[in-house]
Amino acid sequence: MSLSFQINLKILLSSLLILVLGGAIALWQARNSVDKELNASVNLTEHLITCGLSQTIPDRATWLNCFSSLKETRHLTIELMTPSGQIFVIGNKNKVNDFVESPPFWFINLIGNKQATIEKQIATASGEQFSLRIRANPIDEIQEVWEESLAFLCTILLLSLLTFLSVYFAIHKTLAS
């Protein structure tokens, strides 16, 4: 076995090890990032709605109009149920951005496709009781970590390729002289 082949084999094995370890760390970090982001979004929204309900608003229609202004939430679905059973739904209805290619299903399954949910009984300043449910769809966050993970893994592959080329040219230049 030539010296060039041995060095390239060792570089290949170490690059594969780095790629596997880097991929595992990237998946672990992506899973944590998605969970933290979803929980933070749900908790913040729940807190803001609870604070908004505690303020004195003259009538129910005005308050529901303010509530419906939350429709621009990125990956949240907010449901408010009155004691009479009437449900007001605000949110994106779990739609996926059509312009961006979604991550592959195996990546979604590795990260975890569970929705963060909060259900809480809340009361307005006038004493009216509501049931609040907030659900966060993780697909937007998974899309972000997919793009970040691809960039990270492509960088590792590019660096491995540059290492191979550097060793190849250095060894062949040395052997030629």
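What counts, and at which threshold
- Residues numbered from 1 in each chain as written.
- Predicted model: local features only at pLDDT ≥ 70, side-chain atom pairs only at ≥ 80, totals over all residues.
- Heavy atoms only, no water.
- Helix = DSSP H or I, 4+ residues; strand = E, 2+ residues; numbered from the N terminus.
- Buried < 20%, exposed > 50% of the residue type's maximum accessible area, 1.4 Å probe, protein only.
- Contact = heavy atoms within 4.5 Å.
- Areas by Shrake-Rupley, 256 points an atom, 1.4 Å probe, with all protein chains shown as cover.
- Phe/Tyr/Trp six-rings, centres within 6.5 Å; stacked < 30°, edge-to-face > 60°.

Asks: Help me get a handle on the overall build of the protein, residues and values and all.
Replies: What the protein contains, in helices and strands, is 4 helices and 4 strands. The linear arrangement of helices and strands in the protein, starting from the amino end, is α-α-β-β-α-β-β-α. When each of the 177 residues of the protein is scored for burial, the buried share is 32%. In the protein, of all internal contacts separated by at least 6 residues, the share reaching a separation of at least 24 is 65%. Accessible surface for the protein amounts to roughly 11,400 Å². Of this, 63% is attributable to carbon and sulfur atoms.

Asks: Report on the packing of aromatic side chains, specifying residues and quantitative values.
Replies: If you walk through the whole model with that rule in mind, you get 3 aromatic pairs. The interplanar angle of 90° and the centroid separation of 6.0 Å between the aromatic rings of Trp-106 and Phe-107 together place this pair among those described as edge-to-face. Judged by centre distance (5.8 Å) and plane angle (85°), the rings of Trp-106 and Trp-146 are edge-to-face. Remark: Trp-146 occurs in helix H4 (residues 139–176) and Trp-106 occurs in helix H3 (residues 105–111); sequence separation between them is 40 residues. Taking relative accessible area as the criterion, Trp-146 reaches 16% and is therefore assigned buried.

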